[in-house]
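Overview (structure and organization)
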Amino acid sequence: IMLSVGYASGAVGITTAHELGHKKSAFERTLSKILLTSVSYGHFYIEHNRGHHVRVGTPEDAATARRDESVYAFLVRAVIGTYAHAWTLELARLKQFGYARFGWRNQMLWFTGLPLAIAIILGTGFGWPAAAYFFGQSVVAFTLLELVDYIEHYGLMRKRDTNGKLEAFGAAHAWDSSAWLTNGVLFNLQRHADHHMSPAKRYQSLASTTDSPQLPACYASMVFLALIPPL
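Overview of the structure. (Residues numbered from 1 in each chain as written. Predicted model: local features only at pLDDT ≥ 70, side-chain atom pairs only at ≥ 80, totals over all residues. Heavy atoms only, no water.)

Concerning the overall build of the protein
A count of helical and extended segments in the protein gives 9 helices and 0 strands. The secondary structure elements of the protein, listed N-terminal to C-terminal, are α-α-α-α-α-α-α-α-α. Computed over the C-alpha atoms, the radius of gyration of the protein is 18 Å, within 12% of the 17 Å expected from 2.2 N^0.38 for a compact globule of 231 residues. Across its three principal directions, the C-alpha atoms of the protein cover 55 × 45 × 35 Å. When the 231 residues of the protein are sorted by exposure, 47% land in the buried category. Long-range contacts, defined as pairs at least 24 residues apart, comprise 61% of the intrachain contacts of the protein with a sequence gap of at least 6. Surface exposure of the protein reaches about 11800 Å², of which carbon and sulfur atoms provide 68%. Charge centroids of the protein, computed over 20 positive and 16 negative side chains, lie 8 Å from each other. (Helix = DSSP H or I, 4+ residues; strand = E, 2+ residues; numbered from the N terminus. Rg over C-alpha atoms; globule rule 2.2 N^0.38 Å. Buried < 20%, exposed > 50% of the residue type's maximum accessible area, 1.4 Å probe, protein only. Contact = heavy atoms within 4.5 Å. Areas by Shrake-Rupley, 256 points an atom, 1.4 Å probe, with all protein chains shown as cover. Lys, Arg positive; Asp, Glu negative; His and termini not counted. Charge placed at Lys NZ, Arg CZ, Asp CG, Glu CD.)

Below, the structure is given as structure tokens:
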């Protein structure tokens with residue numbers, strides 16, 4: 001049950017949260033935060049929008065897999081790196097607006113504390129195995145998220161010119177897949193290049209592009225293939 005719920009929370013819950021988190025509506029962004037908090041990964045809201053989309057395809061981006069990097073090395077770096085960079089981004093935001101570093105406006109305190117509060121409530125009401133179950137499904141969910149991150153930009157790095165200026169993100173910097181079934185289930189997440197070029201575009205309008213490298217199979221297949229590095 002924990003694996004099944006975690007898989008659903010990751011494949012559908014986080015994918016939905018990702019879609020909502022890019023929207024201008026405060027209501028939709030709040031729903032995104034709630035969904036991410038339910039899998040103990042609320043900091044993704046900060047890091048993905050203000051970190052990954054800015055630094056994608058660079059060595060500084062924890063969510064961009066290097067060529068020949070195993071998925072297991074990537075998972076450790078991505079989970080730790082995205083959390084740490086989310087703190088950096090949030091503290092910079094608080095400083096910019098003159099807010100206290102550890103006041104109620106610090107979103108990272110909420111994203112860190114609320115899952116702990118949920119676990120305590122579950123443990124108190126249903127026994128401590130319920131708290132372990134909550135964190136277990138969270139781990140399954142965000143591991144699936146990072147497995148998808150691994151294949152979305154694997155080995156695709158943006159270049160710098162002689163002056164050190166980074167080239168603009170283009171279709172060649174994200175892997176695409178036109179598999180219709182998984183695109184339907186994942187809200188066109190596999191049309192990933194178009195998403196990065198137009199982050200606010202709603203999923204119904206995302207288009208596949210032949211300018212992107214094409215995955216040999218859909219995300220669902222590639223995730224399991226990635227778990228066996230020699231393949």
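Things to note about helix H3 (residues 44–55)
Over its 12 residues, H3 runs only 14 Å from end to end, short of the ideal 16 Å by more than 12%, given 1.5 Å per residue. Restricting attention to buried positions, one finds in H3 the residues Phe44, Tyr45, Ile46, Glu47, His48, Gly51, His52 and His53. For H3, the secondary structure elements touched by its buried residues are helix H1 (2–21), helix H2 (26–37), helix H4 (71–97), helix H5 (107–126), helix H6 (128–152) and helix H8 (192–197). (Expected span 1.5 Å × (residues − 1).)

Observations regarding H1
If you look at H1, its biggest bend is around 30°, right at serine 9. Listed as buried for H1 are Gly6, Ser9, Gly10, Ala11, Gly13, Ile14, Thr15, Ala17, His18, Glu19, Leu20 and Gly21. Buried residues along H1 sit in contact with H2, H3, H6 and H8. (Bend = angle between axes of the 7 residues up to and from the residue.)

A few points about the packing of aromatic side chains
Tallied over the entire structure, the rule returns 7 aromatic pairs. Relative to tyrosine 154, the ring of tyrosine 150 has its centre 5.5 Å away and its plane inclined at 55°; by these criteria the two rings are tilted. A relative accessible area of 9% places tyrosine 150 in the buried class. Chaining the aromatic ring pairs together yields one cluster made of Phe74, Tyr150 and Tyr154. Directly above the ring of tyrosine 99 sits arginine 105, whose terminal nitrogen or CZ lies 4.2 Å from the centroid. (Phe/Tyr/Trp six-rings, centres within 6.5 Å; stacked < 30°, edge-to-face > 60°. Lys NZ or Arg CZ within 6 Å of the ring centre and 35° of its normal.)

As far as function goes, none of this settles anything; it's purely spatial.
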